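Coordinates in review
Each chain, letter by letter, is given below.
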Amino acid sequence: MWTPMLYRWRPDAPPSRPNPERPASAMPAERFEVAAEDGYPIRGGIWHADTGPVVVLHAATAVQARYYARFASWLSGQGATVLTFDYRGIGESRSTPVKDLQAGWVDWGVLDAEAVLAYAGRRWPDRALCAVGHSIGGFALGLARTSDRLDRIVTVGAQFAYWRDYDSRQRRAMYLKWHLFMPAVTQLFGYFPGARLGWLEDVPRGVVRDWSRMGPRFETSVCSALDRADLAARHGATRARLLAIGLTDDLFCTEAAGQRLLDYYSGADRTHLRIAPSDIAVPEIGHFAFFHARFEQTLWPLAAAWLLSGRLPKDAPGRIVFPTG
């Protein structure tokens, strides 16, 4: 029976509420608010560094920006100014009832990610602009027009939830959960009450619609007023050096899913790195745990090296599957 899965999440899932034990150093030095093109306020935090690149971190679906605070604080200590933000309807950017929002994944990228990337570019015009994208964040950032200014990108578990790319061992259960049950509940409530069910955060119905109907091509699956050709071409304008990190025990971001996303970034200098838990002597990593502090010594330096220099350490764990040798 798959039903019990509906009310339990993996033990490495991010918290949906603030962690009172979080050290003070993980708190941002500054809060910011910017207006998206349609006027919606997008809010986030900043960890400052005097020099180095400016990195904007794009969250996964239904994950609050505060989940990435420890990583952002650590990365700032390595020499990068780091911005995190919540998409509309999530966390600090939930300024209207979520059931009143029509927002979908396109809005999170074209409007919300664009607002923050553009803000960072204006505020630090003489510093390299970089990005980190987790899960859908790795796709959303490429929908922003300002992504063509990015120098370096790191994505972690980035994909856009095409169900046939899910891990074959759990594909049926994941399809039932995310593509049938989630939209059915959303139809009933007008939004997905994820916090009540223990499935991360509440989610606007447009995001649920996009996720549940996703096919092999993003631009033909989502509901958007934007031209499909425009949506399909946006990622190709990015000329950044892009490192896509995939974890072999990530049920969402299989090798096929990660490569499907990378194919959109056709103009970028792309490297697809796959890491198994055994490569760093741990039992599991999964879709979320990359950003847990226990990987500060093993996984976080990979992202920092790429964002600061555009290169992987010589002793980086895992195997490169793209470009092929």
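Just above sits the structure.
A brief report on the enclosed structure follows. (Residues numbered from 1 in each chain as written. Predicted model: local features only at pLDDT ≥ 70, side-chain atom pairs only at ≥ 80, totals over all residues. Heavy atoms only, no water.)

Of the regular secondary structure elements, the protein holds 10 helices and 11 strands. In terms of overall dimensions, the protein is globule-like: its C-alpha atoms have a radius of gyration of 18 Å, near the 20 Å expected for 325 residues. Projecting the C-alpha coordinates of the protein onto the three principal axes gives extents of approximately 50 × 45 × 45 Å. Looking at the protein as a whole, 61% of its 325 residues qualify as buried. Summarising the internal contacts of the protein: among those between residues at least 6 apart in sequence, 74% fall at separations of at least 24. Side chains of the protein give 38 positive and 33 negative charges; the mean places of these two sets differ by 4 Å. (Helix = DSSP H or I, 4+ residues; strand = E, 2+ residues; numbered from the N terminus. Rg over C-alpha atoms; globule rule 2.2 N^0.38 Å. Buried < 20%, exposed > 50% of the residue type's maximum accessible area, 1.4 Å probe, protein only. Contact = heavy atoms within 4.5 Å. Lys, Arg positive; Asp, Glu negative; His and termini not counted. Charge placed at Lys NZ, Arg CZ, Asp CG, Glu CD.)

This part takes up the environment of Ala229. Position of Ala229 among the secondary structure elements: in helix α8 (residues 228-234). For Ala229, a relative accessible area of 53% translates into the label exposed. Distance in space between the C-alpha atoms of Ala229 and Glu219 is 7.7 Å, their sequence separation being 10 residues.

We now examine helix α6 (residues 205-212). Counted residue by residue, α6 has 7 buried out of 8 residues, so it is predominantly covered. If you check which residues of α6 are buried, you get Gly206, Val207, Val208, Arg209, Asp210, Trp211 and Ser212. Those residues of α6 that are buried lie in contact with α2 (105-123), α4 (171-189), β7 (191-192) and β8 (203-204).

If you walk through the whole model with that rule in mind, you get 27 aromatic pairs. Between Phe189 and Tyr191, the ring centres sit 6.5 Å apart and the planes meet at 70°, which makes this aromatic pair edge-to-face. On the accessibility criterion, Phe189 (35% relative accessible area) is partly exposed. Through pairs of rings, three or more aromatic residues link up here, namely Trp105, Tyr166, Trp178, Phe181, Phe192, Trp199, Trp211 and Phe252. Directly above the aromatic system of Trp199 lies the positively charged group of Lys177, at a separation of 4.7 Å from the ring centroid. (Phe/Tyr/Trp six-rings, centres within 6.5 Å; stacked < 30°, edge-to-face > 60°. Lys NZ or Arg CZ within 6 Å of the ring centre and 35° of its normal.)

Now for the packing of α2 against α6. Two packed helices can be described by the angle between their axes and the distance between those axes. Axis separation between α2 and α6 bottoms out at 7 Å; the angle between their running directions is 115°. As summarised for this structure, α2 and α6 are arranged roughly perpendicular, according to the angle between their axes. Side by side, α2 and α6 meet where Trp105, Val106 and Trp108 of the first sit next to Val207, Asp210 and Trp211 of the second. Taken together, the residues that form the contact of α2 with α6 break down as 5 nonpolar, no polar and 1 charged. (Axes fitted to C-alpha atoms, helices over the stretch in contact; angles between N-to-C directions. Parallel < 35°, antiparallel > 145°, perpendicular 65-115°, else oblique. Nonpolar A, V, L, I, M, F, W, Y, C, P; charged D, E, K, R; others polar.)

One finds Leu75, Leu83, Trp105, Val154, Phe218 and Phe290 to be the most contacted residues of the largest nonpolar core, which totals 107 residues. It is α2 that contributes the most residues to this core, 11 residues altogether. If near-sequence neighbours (up to four positions away) are discounted, Phe218 is found in contact with Trp105, Val106, Phe139, Leu143, Phe160 and Tyr264. (Core = buried A, V, L, I, M, F, W, Y, C linked by side-chain atoms within 4.5 Å.)

Further remarks concern the sheet that holds strand β1 (residues 30-35). Across the sheet, which stays open at both edges, the 9 strands sit in the order β1-β2-β4-β3-β5-β6-β9-β10-β11 with mixed pairing between neighbours. In the strand order of this sheet, the two ends are held by β1 and β11 (319-322), each with one partner. Across the sheet, the mean angle separating the axes of adjacent strands is 25° when strand polarity is ignored. As paired elements, strand β3 (residues 54-58) and strand β5 (residues 129-134) share 5 bridges and run parallel to each other. Bridging from a neighbouring strand, Val55 pairs with Cys130 of β5. Strands in contact with helix α9 (residues 255-264) are β9 (241-247), β10 (269-275) and β11; relative to β10, the strand with the most contacts, it is inclined by about 170°. (Pairing = 2+ DSSP bridges.)

In this structure the tally under the stated criterion is 14 salt bridges. Among the salt bridges present, the one from Glu219 reaches Arg217, with a minimum N-O distance of 2.8 Å. The partner of Asp230 in a salt bridge is Arg234, and the shortest N-O contact between them spans 3.3 Å. Placement of the pair is Asp230 and Arg234 together in helix α8, with a separation of 4 residues, close to one helical turn. Classification of Arg234 by relative accessible area gives buried; the value is 9%. Taken together, the shared-partner salt bridges in this structure form one network comprising Asp38, Arg88 and Asp112. (Salt bridge = Lys/Arg side-chain N within 4 Å of Asp/Glu carboxyl O.)

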